[in-house]
Amino acid sequence: MIRVMLPTHLRTLAHVDDEVTVEVQGAVTQRSVLDALEARYPVLRGAIREHDTLKRRPFIRFFACEEDLSHESPDAPLPEAVAAGKEPFLVIGAIAGG
Amino acid sequence: MSGVRVLVGTHKGAFVLSSDGKREKWDVSGPHFSGWEVFHMKGSPADPNRIYVSQSSSWSGQVIQRSSDGGKTWEAPGGGVTMSPQGFPMGESNKFVYDTSEETGKPLTTHQFYDGTQKPWVFKRVWHLEPSLTDPDTVYAGVEDAAIFRTTDGGHSWQELPGLRGHGTGPQWQPGAGGMCLHTIILDPSDPGRIYIAISAAGAFRTDDGGKTWKPINRGLKSQYIPDPNAEVGHCVHHIAMNPKRPGVLFMQKHWDVMRTDDAGDNWHEVSGNLPTDFGFTIDVHAHEPETIYVVPIKSDAEHFVHEGKLRVYRSRTGGNEWEALTNGLPQSNCYLNVLRDAMAVDSLDKCGVYFGTSGGQVYASADAGDTWAPIVRDLPPVLSVEVQTLP
């Protein structure tokens, strides 16, 4: 069970109030977690990663365990604490505004 | 009793304003899609309860949602009202992919950037949604970077009509200050194959075969900010309006200049006349009087606020050239608002109602064709678009 925390706008879009959970088969990576997330919430397709290329959208960041994982390979294993469900995988909207 | 429903898109959500035919008392619902930019929302002429909305954000991109109950509830198209076993919306409505197929999309390569270099097309957002006049599930979408898409399944999937970008002048199109957007789509009720569109900054185009082939319709436009002021394309057209009862006559608010054509865009001539400034964004036509048109002059392309600190709608009852200022009920001092291109609309009640929204979050209504005005709401987020549905 992988815990995922979404930014406010995406929680609204997916009609969820809080942290969500997804099941991942095999290696727990950014790609496998986001694939599972989009399979469960199809409305999020294109809102975190670009359609087709599956590149992270420019203003979206990925954090976990107090680390910025945004520029890690999408196929790199996520921290063990995320894989074990002890810590959430955080999808963050980059800070903008005044 | 008949009524109206005013659909307002703002920088931070959508609002639905409803009234009976008197248009004196209003119910306000919203914000819908709170926190998202809503560039446009529009109802289907074939089914007034079907409303489409374009919501977008710099963070999370484009989403299309729709309502089938007049704006009470919304869904991301694709799964109808069906939810997943966990109770989540199933829709996937945000996929706009340019046609790059060998057959039709291969020649569609680059457009001009601000600095004159060539850039590839990159999808940014949907600026305008134009539902079909006859089918609630068919909608046209004008997008940035400029292209036109169509859905025939109620917004679930979208396909580009590539003949527009492919007709040959694409490399000369360039973005205006707001981006290279296709912001205006007008369907001709007398000819199902005829569609008009406008792009900042490329100009106006027309198809007569349902979107397969397009031609520029900019003869008569003059723009000093392009190397050849009379060029076939490159003009920053801000908006076009048409009275559906007289489809061949169009009115245009260009970057500068208010223009008119009487031959479906083949030739344009200027009708700015006695306007205090002919820069502006929005323009519309009275529902019952095809020669009565409305604009909101803006001071200049460098100063995007109304002229002389006065919010004035200008009305011409002669199809242009002779204009009168409409000020009754509008602020006439210390006012520095803007009114954007898609932020004015008219209803079709017996006494035509006129509506517009401002950068200050006001939505003004006139139930007497512009003679008097009153705010429906005063303190919304900055208004991006206003559309009106006249209900039976």
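Conventions adopted
Residues numbered from 1 in each chain as written. Chains lettered and ligands numbered in written order. Predicted model: local features only at pLDDT ≥ 70, side-chain atom pairs only at ≥ 80, totals over all residues. Helix = DSSP H or I, 4+ residues; strand = E, 2+ residues; numbered from the N terminus. Contact = placed C-beta atoms within 7 Å. Rg over C-alpha atoms; globule rule 2.2 N^0.38 Å. Buried ≥ 20, exposed ≤ 12 C-beta atoms within 10 Å, placed from the backbone. pLDDT = per-residue confidence, 0-100. Pairing = 2+ DSSP bridges. Axes fitted to C-alpha atoms, helices over the stretch in contact; angles between N-to-C directions. Core = buried A, V, L, I, M, F, W, Y, C linked by C-beta atoms within 7 Å. Arc of directions from axis to C-beta.

Asker: How would you sum up the overall build of chain B? Please name residues and give values.
Answerer: Within chain B, the secondary structure is distributed over zero helices and 29 strands. Principal axes of the C-alpha set define a box for chain B whose edges measure 55 × 55 × 40 Å. Contacts in chain B between residues far apart in sequence, at least 24 positions, make up 50% of those at least 6 positions apart.

Asker: Describe the overall build of chain A, naming the residues involved and giving the relevant values.
Answerer: Helix and strand content of chain A: three helices and five strands. The helix and strand sequence of chain A, counted from the amino end, reads β-α-β-α-β-β-α-β. The C-alpha radius of gyration computed for chain A amounts to 12 Å, which stays within 12% of the reference 13 Å derived for 98 residues, consistent with globular compactness. Summarising its shape, the C-alpha atoms of chain A cover approximately 35 × 25 × 25 Å along the three principal directions. In chain A, buried positions account for 30% of the 98 residues. Here the contacts in chain A between residues at least 6 apart in sequence split such that 55% fall between residues at least 24 apart.

Asker: Explain the confidence of the model for chain B residue by residue, including any values.
Answerer: Regions with low pLDDT carry predicted coordinates that are not meant to be interpreted in detail. Of the residues in chain B, 96% have a pLDDT of 70 or more, and the chain-wide mean is 93. Quick note on the complex model: pTM equals 0.91, ipTM equals 0.76.

Asker: Give a description of the environment of P244 of chain B that names residues and reports values.
Answerer: On the secondary structure map, P244 of chain B appears in the loop between β17 (237-242) and β18 (250-254). Considered as a pair, P244 of chain B and A201 of chain B are 43 residues apart in the sequence and their alpha carbons are 25 Å apart.

Asker: Could you give an account of the pairing of strand β23 (residues 313-316) of chain B, naming the residues involved and the relevant values?
Answerer: Residue and element names in this part refer to chain B. Side-chain alternation along β23 places V313 and R315 on one buried face and Y314 and S316 on a second face that is also buried. In this sheet, β23 lies alongside strand β22 (residues 293-298) in antiparallel orientation, the contact comprising three bridges. The residue bridging I293 from the neighbouring strand is S316, located in β23. Pairing of β23 with strand β24 (residues 324-326), which is carried by three bridges, proceeds in the antiparallel orientation. Bridge pairing links V313 to L326 in β24.

Asker: A description of the sheet that holds strand β21 (residues 279-285) of chain B should follow, citing residues and the corresponding values.
Answerer: Residue and element names in this part refer to chain B. Judged by pairing direction, the sheet is antiparallel, and its four strands sit side by side in the order β21-β22-β23-β24 without closing on themselves. Each of the sheet's edge strands pairs with one partner strand only, and the pair in question is β21 and β24. Taking the axes of each pair of neighbouring strands and ignoring which way they run, one obtains an average angle of 30 degrees across the sheet.

Asker: Would you mind going over the sheet that holds strand β29 (residues 383-391) of chain B in detail, with residue names and values included?
Answerer: Residue and element names in this part refer to chain B. Here we have four strands laid out as an open sheet, ordered β3-β2-β1-β29, and antiparallel in their pairing. Sheet topology places β3 (27-32) and β29 at the edges, where each strand pairs with a single neighbour. Looking at each pair of strands side by side, their axes are set apart by 15 degrees on average, direction ignored. As paired elements, strand β1 (residues 3-10) and strand β2 (residues 13-20) share eight bridges and run antiparallel to each other. Counted as the bridge partner of T10 is G13 from β2.

Asker: Outline the pairing of β22 of chain B, listing residues and values.
Answerer: Among the six residues in β22 of chain B, six count as buried, and that is most of the element. Side chains of β22 of chain B alternate between two faces, with I293, V295 and P297 of chain B and Y294, V296 and I298 of chain B buried alike.

Asker: An account of the interface of chain A and chain B is requested, with residue identities and associated values reported.
Answerer: Counting residues at the interface gives 20 residues for chain A and 19 residues for chain B. A total of six residues in the side of chain A that touches chain B trace back to one element, the largest contributor, which is helix α1 (residues 8-14) of chain A.

Asker: Give a description of unusual backbone geometry that names residues and reports values.
Answerer: In this structure, D145 of chain B follows E144 of chain B across a cis peptide bond, with omega equal to -5 degrees. The amide bond that connects S200 of chain B to the next residue, A201 of chain B, takes the cis arrangement and shows omega of 0 degrees. Tracing the backbone through its elements, the reader meets A201 of chain B in the loop between β14 (195-200) and β15 (203-207). You will see that E66 of chain A, though not glycine, has its phi angle at about 65 degrees, which is positive. Structurally, the position occupied by E66 of chain A is in the loop between β3 (60-64) and β4 (67-68). Residue classification places E66 of chain A among the exposed residues on the basis of 8 C-beta atoms within 10 Å. Within the chain, D257 of chain B stands out as a residue other than glycine whose phi angle is a positive 90 degrees. For D257 of chain B, a count of 23 C-beta atoms within 10 Å translates into the label buried.

Asker: Talk me through the nonpolar core; I want residue IDs and the actual numbers.
Answerer: Counting residues in each nonpolar core, the largest one holds 132 residues, and the members touching the most others are V6, V8, I240, Y355, V363 and V386 of chain B. In this view, I240 of chain B contacts T184, I186, Y196, A198, A204, L250, F251 and M252 of chain B; residues no more than four positions away in its chain are not counted.

Asker: Can you break down helix α2 (residues 30-40) of chain A residue by residue, with the values?
Answerer: Residue and element names in this part refer to chain A. Within the sequence span of α2, burial applies to Q30, V33, L34 and L37. What you see down the axis of α2 is that its buried residues fit within an arc of 95 degrees, all on one side. Buried residues belonging to α2 abut β1 (2-5), β2 (20-22), β3 and β5 (89-93).

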